[in-house]
Amino acid sequence: MASASFSFVAPLPSANSLLPGRATLAFPSSSHSASWRSRRRRGHLRPLAQGADLLGDFGARDPFPEEIESNFCEKVLGNTDTMHRILIPNISALSLAQMSCEPVSSSQPPISTEVAEKLLKKVVGWRLVDGDGGRRIQCLWKVRDYGCGVQLITRIYRVAEAAGHFPNLHLEQPNQVRAELWTNSIGGLSMNDFIVAARIDQIKTLDLLPKKRIWA
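Residues numbered from 1 in each chain as written. Predicted model: local features only at pLDDT ≥ 70, side-chain atom pairs only at ≥ 80, totals over all residues. Heavy atoms only, no water.

As annotated in an unreviewed UniProt entry, the protein carries the name 4a-hydroxytetrahydrobiopterin dehydratase and is attributed to Ensete ventricosum. We quote the UniProt Catalytic activity (unreviewed entry) comment for the protein here in full: "(4aS,6R)-4a-hydroxy-L-erythro-5,6,7,8-tetrahydrobiopterin = (6R)-L-erythro-6,7-dihydrobiopterin + H2O". (UniProt positions renumbered as here; feature names shortened; annotations may be inferred.)

Here's what the structure looks like:
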């Protein structure tokens, strides 16, 4: 059986959205379960929606009007029973830093420890800690001096302001910055905390770090 594949690029989703970031349309054998199937009717391949799995493995979106007008599905090589499978991404397939913070209801439960530990693998240098306001994530930076600490806090604040979700920031003597993220309204962690942590990870800090000594 001949096979082919091609990809579509679509807008990236928000934290609570299932809109895809990237879609891959593949043609596996007809023995597998499918989200989309194509049948040849009157000499044409017609895509049929069949209740996609909303937590699929990777990528999906509806075709653009221009793509439908191009009759792209008629140009696919394959047998009459070729299966078109589109999988919608789950959270693990997405970049946290490219997601958007969403309002959090006070009735929403905090993220479980199991989920938090999985999300921690997507950020650098953060760890789970317990505090008065509930479980939180914390990151520490060693900087060159007090002035560099102020600079780092300023950069973190700008990132947090753009996201609309703010960490607790501490400049600890003599040269350490501590940031802690949690969602106070739910007494624990929400997806917003990990989104902001991922954005903070992208801040350039090389010019603020202690200079390494070079021994002759």
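S.K.: Go over the packing of aromatic side chains, please, and point to the residues and values.
M.R.: In this structure the tally under the stated criterion is two aromatic pairs. Ring plane angle 90° and centroid distance 6.1 Å describe the contact between tryptophan 126 and tryptophan 141, whose orientation is recorded as edge-to-face. On the criterion of sequence distance, the pair formed by tryptophan 126 in the loop between helix H2 (113-120) and strand E5 (127-131) and tryptophan 141 in strand E6 (residues 134-142) is long-range, its members being 15 residues apart. Neither residue differs from the other here; tryptophan 126 and tryptophan 141 are each classed as buried. Sitting over the face of the ring of tryptophan 182, arginine 136 holds its NZ or CZ atom 3.5 Å from the ring centroid. (Phe/Tyr/Trp six-rings, centres within 6.5 Å; stacked < 30°, edge-to-face > 60°. Helix = DSSP H or I, 4+ residues; strand = E, 2+ residues; numbered from the N terminus. Buried < 20%, exposed > 50% of the residue type's maximum accessible area, 1.4 Å probe, protein only. Lys NZ or Arg CZ within 6 Å of the ring centre and 35° of its normal.)

S.K.: Report on the pattern of salt bridges, specifying residues and quantitative values.
M.R.: Evaluated as defined, the whole model comprises five salt bridges. A salt bridge links arginine 178 to glutamate 172, with the nearest nitrogen and oxygen atoms 2.6 Å apart. Note on arginine 178: relative accessible area 19%, which makes it buried. Judged by its relative accessible area of 22%, glutamate 172 falls in the partly exposed class. Glutamate 180 is paired through a salt bridge with arginine 178; the nearest N and O atoms lie 3.0 Å apart. Each of the salt bridges in this network shares a partner with another, and the network as a whole consists of Arg136, Glu172, Arg178 and Glu180. (Salt bridge = Lys/Arg side-chain N within 4 Å of Asp/Glu carboxyl O.)

S.K.: How would you explain the sheet that holds E5 if you had to name every residue and give the values?
M.R.: Hydrogen bonds along the backbone pair up the strands of a sheet, which may run parallel or antiparallel. With antiparallel pairing, the four strands of this open sheet are ordered in space as E5-E6-E8-E7. What marks the edges here is a single partner per strand, and that holds for E5 and strand E7 (168-172). Strand after strand, the sheet turns through a mean of 30° between neighbouring axes, direction not considered. Summarising the sheet, E6 and strand E8 (residues 176-181) pair through six bridges and their orientation is antiparallel. Following the sheet pairing, cysteine 139 is matched in E8 by alanine 179. Against the sheet, helix H3 (residues 146-163) makes contact with E6, E7 and E8, and its axis sits at roughly 175° relative to E7, the strand it touches most. (Pairing = 2+ DSSP bridges. Axes fitted to C-alpha atoms, helices over the stretch in contact; angles between N-to-C directions. Contact = heavy atoms within 4.5 Å.)

S.K.: Run through the nonpolar core, naming residues and quoting values.
M.R.: Leu96, Trp126, Ile137, Trp141, Phe194 and Ile200 are the most contacted members of the largest nonpolar core, which totals 32 residues. Elements represented by at least two residues in this core include exactly H2, E6, H3, E8 and helix H4 (191-201). Counting residues per element, this core draws most heavily on H4, which supplies seven residues. Residue contacts for isoleucine 137: discarding those within four places in its chain leaves Leu120, Trp126, Arg127, Leu128, Ala179, Glu180, Leu181, Leu189, Asp193, Phe194 and Ala197. (Core = buried A, V, L, I, M, F, W, Y, C linked by side-chain atoms within 4.5 Å.)

S.K.: Would you mind going over H3 in detail, with residue names and values included?
M.R.: End to end, H3 covers 26 Å across 18 residues, agreeing with the expected 26 Å (1.5 Å per residue, within 8%). At its buried positions, H3 is contacted by E6, E7, E8 and H4. Of the residues flanking the start of H3, the one acting as N-cap is aspartate 145, its side-chain oxygen 3.2 Å from the backbone nitrogen of glycine 147. Directly after H3, the chain includes glycine 164, whose backbone phi takes a positive value near 80°. (Expected span 1.5 Å × (residues − 1). Polar contact = N/O pair within 3.5 Å; in protein donor to acceptor, adjacent residues only side chain to side chain.)

S.K.: So what about the side chain of glutamine 176? Which residues, and what values?
M.R.: Along the chain, glutamine 176 turns up in strand E8. Among the polar contacts made by the side chain of glutamine 176, one reaches the side chain of lysine 142 at a distance of 3.2 Å. There is a polar contact of 2.6 Å between the side chain of glutamine 176 and the side chain of glutamate 172.

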